[in-house]
Amino acid sequence: MITVYRDFNSELNECSNGSWLQHWEKFSGKNASYCANCNCLYSENLVGAIVTLRTHKSDHFVVPLCPYHYSETGSIDICDSSVLVLAKRKRPLRKRKEQEIDELFAILV
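Attention here is on the structure that accompanies the text. Nothing here was measured: the structure is a model prediction, and the numbers come from that model.

Conventions used here
Residues numbered from 1 in each chain as written. Predicted model: local features only at pLDDT ≥ 70, side-chain atom pairs only at ≥ 80, totals over all residues. Heavy atoms only, no water. Helix = DSSP H or I, 4+ residues; strand = E, 2+ residues; numbered from the N terminus. Buried < 20%, exposed > 50% of the residue type's maximum accessible area, 1.4 Å probe, protein only. Contact = heavy atoms within 4.5 Å. Areas by Shrake-Rupley, 256 points an atom, 1.4 Å probe, with all protein chains shown as cover. Polar contact = N/O pair within 3.5 Å; in protein donor to acceptor, adjacent residues only side chain to side chain. Pairing = 2+ DSSP bridges. Arc of directions from axis to C-beta. Core = buried A, V, L, I, M, F, W, Y, C linked by side-chain atoms within 4.5 Å.

**Brief notes about the overall build of the protein chain**
Alright, step 1. When helices and strands are counted, the protein chain shows three helices and six strands.
Alright, step 2. The order of α-helices and β-strands along the protein chain, N terminus first, is β-α-β-β-α-β-β-β-α.
Alright, step 3. Here the protein chain, with 109 residues, has 41% of them falling under the buried criterion.
Alright, step 4. For the protein chain, restricting intrachain contacts to residue pairs at least 6 apart in sequence, the fraction spanning at least 24 positions comes to 65%.
Alright, step 5. By element, 47% of the accessible surface of the protein chain is carried by carbon and sulfur atoms, the whole surface being about 6,800 Å².

**Here's the deal with the environment of Asp77**
Alright, step 1. Mapping Asp77 onto the fold places it in strand β4 (residues 75-78).
Alright, step 2. The spacing of Asp77 and Asn39 is 38 residues in sequence and 8.3 Å in space, taken between C-alpha atoms.
Alright, step 3. Those residues in contact with Asp77 that lie beyond four places of it in its chain are Met1, Ile2, Thr3, Ala36, Asn37 and Cys38.
Alright, step 4. A distance of 2.9 Å separates the side chain of Asp77 from the side chain of Thr3, its partner in a polar contact.

**Regarding the pairing of β4**
Alright, step 1. Here β4 shows one buried face, formed by Ile76 and Ile78, and one open face, formed by Ser75 and Asp77.
Alright, step 2. By the bridge criterion, four bridges tie strand β1 (residues 2-6) to β4 in an arrangement that is antiparallel. Bridge pairing in β4 links Tyr5 to Ser75.

**Some thoughts on helix α1 (residues 20-28)**
Alright, step 1. Taken together, the buried positions of α1 are Trp20, Leu21, His23, Trp24, Phe27 and Ser28. Looking straight down α1, one finds its buried side chains confined to an arc of 160°; they lie on one side.
Alright, step 2. In the stretch just after α1, Gly29 is the one whose phi turns positive, near 75°.

**Regarding the nonpolar core**
Alright, step 1. If you look at the biggest cluster of nonpolar residues, it comprises 28 residues, and the most contacted ones within it are Val4, Val63, Leu65, Ile78 and Leu84.
Alright, step 2. The set of elements that each furnish at least two residues to this core consists of β1, α1, β2 (47-53), β3 (56-65), β4 and β5 (84-86).
Alright, step 3. Sequence-distant contacts of Ile78, that is, excluding residues within four places in its chain, are made with Met1, Ile2, Val4, Ala36, Asn37, Cys38, Val63 and Leu84.

Listed below in structure tokens is the structure:
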């Protein structure tokens, strides 16, 4: 589980790729089919949400969320299998090698 925080004060209000959900789909290489929240199975009306990590508040990521979790103001627990796509770069943050996974996990914890 990865804890993220919605960034409501982000300067990234608009996405040059149409919408943040389209941005996530384009750079993750996946179709958004469910809310990234670990305990949510909602799959309709998903939106791309700008989130930050506790340890990397200056980096903005995009994840798909349902309308309910999109409107939450506190922390959101997303699944380990969720792909975090950097909002400013064109490369998804993916688990590529075991060492990179361990390094990322150490940062998130």
